[in-house]
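Here is how the chains run, residue by residue.
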Protein chains: 2
Amino acid sequence: MQQDFERDARRQSGVSPVVVARLPRYYRCLRELLGRDVLRVSSAELARLMKTTASQIRQDLNLFGGFGQQGYGYNVKNLYTSISDILGINDNYGAVIIGAGALGSVLASHSVFAKRGVILRGVFDDSPDLIGSMCAGFKVADLAQLELFCESAVIDIAVIAVTDDSGAKLARHAIDSGVKGIWNFSPTDLLCSSEVTVQNVYIDDTLMKLCYEMKQTDDKKI
Amino acid sequence: MQQDFERDARRQSGVSPVVVARLPRYYRCLRELLGRDVLRVSSAELARLMKTTASQIRQDLNLFGGFGQQGYGYNVKNLYTSISDILGINDNYGAVIIGAGALGSVLASHSVFAKRGVILRGVFDDSPDLIGSMCAGFKVADLAQLELFCESAVIDIAVIAVTDDSGAKLARHAIDSGVKGIWNFSPTDLLCSSEVTVQNVYIDDTLMKLCYEMKQTDDKKI
């Protein structure tokens, strides 16, 4: 997942994927500083928060236009806005959630959309039991209506919120309906054209990695 | 997250982190083959499923003891079992979920634990509204009882199932209670000693990466 992202990032922007991978953390740090009404931050302080060196901070941020001033530090608000722009957070992408089950409900009420500037516009499902029910303030729509919905509203992202193997079929449906980005929570490897951007959240893989690392630690102790 | 994992994997096992990162995908492919009652698989067929080359498959698997036979291919069951062992899937780690809200409910009923050989033993929360209620078949226990619970049952992993900033405090509580692995769904950077293994699922970051990549694709079109 990370490797695909890094390869794509390198191809698309020319910026080192290692730097790109750090941007969400910069964003989180700066958001936290803004929340504490911090107006300026030195590269040394930002380095402490990011658990890296001041020199790396300066190098990273120079790549994106050098927002700092010698002896003054970084303007937190400006840096936050600039990184938000780079990350596409202020583009107000529209999204729909496909899957109104337990995972869909968690995501529909998750603060991540509002925090990341993505506008959630609807929740869809193909189960007659769920269509018409309420899901975190949304009336669950019939999946058969997705294409029509995407014609009348700007929908950029489909969130595939199922934990079974139906993910590939649902993603195909969403792409056929015109979305350009898939945020995939299903445990399926999606095959999409290069026109479509996919970000997978392979929950299963992260648990496997945790067990693997714990096993390595255990083995060292024996 | 991936970089931390790769660095740790390299330090701990000496095996290339790029190979380690592919293991969960091998595991998933082999599980699918087993589900289709496939007994043997050639490196060419496995390469097709893994979207890589047969030569890379042979190189990867040689690192873990070379399970293939010339002209015969790989015994799917044996390879699956071996990779499960390497990943620590058959170690039957015990886990508790901390946070019995919507995310905790999704995780408590998620097939990932059974599929990955992790035994879920309890769900904890500190909210009086939730303590005593049912969560996917578990009676939600008082978080104040966690340490006592960990003394009487083998609990290796704590799943931090909150979406707010309380993750660090909850992880600290779990570590003080004796768990050695944290599967963290909260948007918090956890600071833990090297004795504790952490795997973060930063949902927010993956949405940011998706928006970033979509923006790159959009910018190319202009």
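Above: the structure in question.
Along each chain, residue indices are assigned from 1 in the same order as the chain's sequence is written. Written order determines the labels here, with chains lettered from A and ligands numbered from 1. At least 70 in pLDDT is required for a residue's local features to be given in this predicted model, at least 80 for side-chain atom pairs to be given and counted, and no such filter applies to totals for whole chains, interfaces and linings, which use all residues. Hydrogens and waters are ignored; side-chain quantities use all the structure's heavy atoms.

**Section: the packing of aromatic side chains**
The relative placement of two aromatic rings is captured by the distance of their centres and the angle of their planes.
So, point 1. Any pair of Phe, Tyr and Trp rings, taking the six-membered ring for Trp, is counted once the centres come within 6.5 Å. Such a pair is stacked with planes under 30 degrees apart, edge-to-face with planes over 60 apart, and tilted for the rest. With the rule as written, the count across this model stands at eight aromatic pairs over all chains.
So, point 2. When the ring of F124 of chain B is compared with that of F149 of chain B, the centres are 5.1 Å apart and the planes differ by 70°; the resulting orientation is edge-to-face. Residue F124 of chain B is located in strand β5 (residues 119-125), and its partner F149 of chain B is located in helix α8 (residues 146-152); the two are separated by 25 residues in the primary sequence.
So, point 3. These aromatic residues form a ring-pair network of at least three members: F113, W183 and F185 of chain A.
So, point 4. Note that R28 of chain A overlies the ring of Y202 of chain B, its terminal NZ or CZ placed 4.3 Å from the centroid. Strands here mean DSSP runs of E at least two residues long; helices mean DSSP runs of H or I at least four residues long; both are numbered from the N terminus. Here, a charge over a ring is recorded when the distance from Lys NZ or Arg CZ to the ring centre is within 6 Å and its angle to the ring normal is within 35 degrees.

**Describing the pattern of salt bridges**
So, point 1. A side-chain nitrogen of Lys or Arg and a carboxyl oxygen of Asp or Glu constitute a salt bridge if their distance falls within 4 Å. Per the stated rule, a full pass over the model turns up 14 salt bridges over all chains.
So, point 2. One salt bridge connects E32 of chain A with R36 of chain A, and the closest N-O pair in it is separated by 3.7 Å.
So, point 3. Judged by relative accessible area, E32 of chain A falls into the partly exposed class, the value being 44%.
So, point 4. Burial classes: relative accessible area under 20% of the type maximum marks a residue as buried, over 50% as exposed, and values in between as partly exposed (1.4 Å probe, protein chains only). With relative accessibility at 47%, the residue R36 of chain A sits in the partly exposed group.
So, point 5. For K115 of chain B, the salt bridge identified is with D204 of chain A, shortest N-O distance 3.3 Å. One end of the pair, K115 of chain B, is in helix α7 (residues 112-115); the other, D204 of chain A, is in helix α10 (residues 203-221), on a second chain.
So, point 6. Judged by its relative accessible area of 22%, K115 of chain B falls in the partly exposed class.
So, point 7. The buried category is assigned to D204 of chain A, whose relative accessible area is 5%.
So, point 8. Here the salt bridges do not stand alone but share partners, grouping K115 and R116 of chain A together with D204 of chain B into one network.

**Here we look at empty space enclosed by the protein**
So, point 1. Using a grid of 1 Å spacing that covers the protein atoms alone, one calls a set of points a cavity when a 1.4 Å probe fits there but cannot get out, and a pocket when the set is open and has protein on both sides within 12 Å along at least five of seven lines; lining residues are those with an atom within 4 Å of a point. Grid points are joined across faces, edges and corners, and a volume is the space filled by probe spheres set on the points. For the structure on display, the rule yields four cavities of 30 Å³ or more.
So, point 2. In this structure, the largest cavity occupies an estimated 70 Å³ of space.
So, point 3. If you trace the largest cavity, you find it lined by R28 and H110 of chain A together with T163, F185, S186, P187, V201, Y202, I203, D204 and D205 of chain B.
So, point 4. Examining the composition of the lining of the largest cavity, we find that three residues originate from one element, helix α10 (residues 203-221) of chain B, more than from any other.
So, point 5. Each residue is assigned to one class: nonpolar for Ala, Val, Leu, Ile, Met, Phe, Trp, Tyr, Cys and Pro, charged for Asp, Glu, Lys and Arg, and polar for all the others, Gly among them. Across the lining of the largest cavity, the residue classes break down as five nonpolar, three polar and three charged.

**Here we look at the sheet that holds strand β4 (residues 94-98) of chain A**
All names here are of chain A.
So, point 1. Taken together, six strands build an open sheet; the order of strands is β8-β5-β4-β9-β10-β11 and the sheet is parallel. Every other strand in the sheet has two partners, leaving β8 (141-142) and β11 (197-200) as the edge strands with one partner each.
So, point 2. In this structure, strand β5 (residues 119-125) lies alongside β8, joined through two bridges in parallel fashion. Bridge pairing in β8 places F124 opposite A141.
So, point 3. Two residues qualify as a contact provided that any one of their heavy atoms is within 4.5 Å of a heavy atom in the partner residue. The angle between two axes is taken between their N-to-C directions and runs from 0 to 180 degrees, where each axis is a line fitted to C-alpha atoms and a helix contributes only its stretch in contact. The strands that helix α9 (residues 167-176) touches are β4, β9 (157-160) and β10 (181-184); relative to β9, the one it contacts most, it runs at about 165°. By the convention used here, strands pair only if DSSP detects at least 2 bridges between them.

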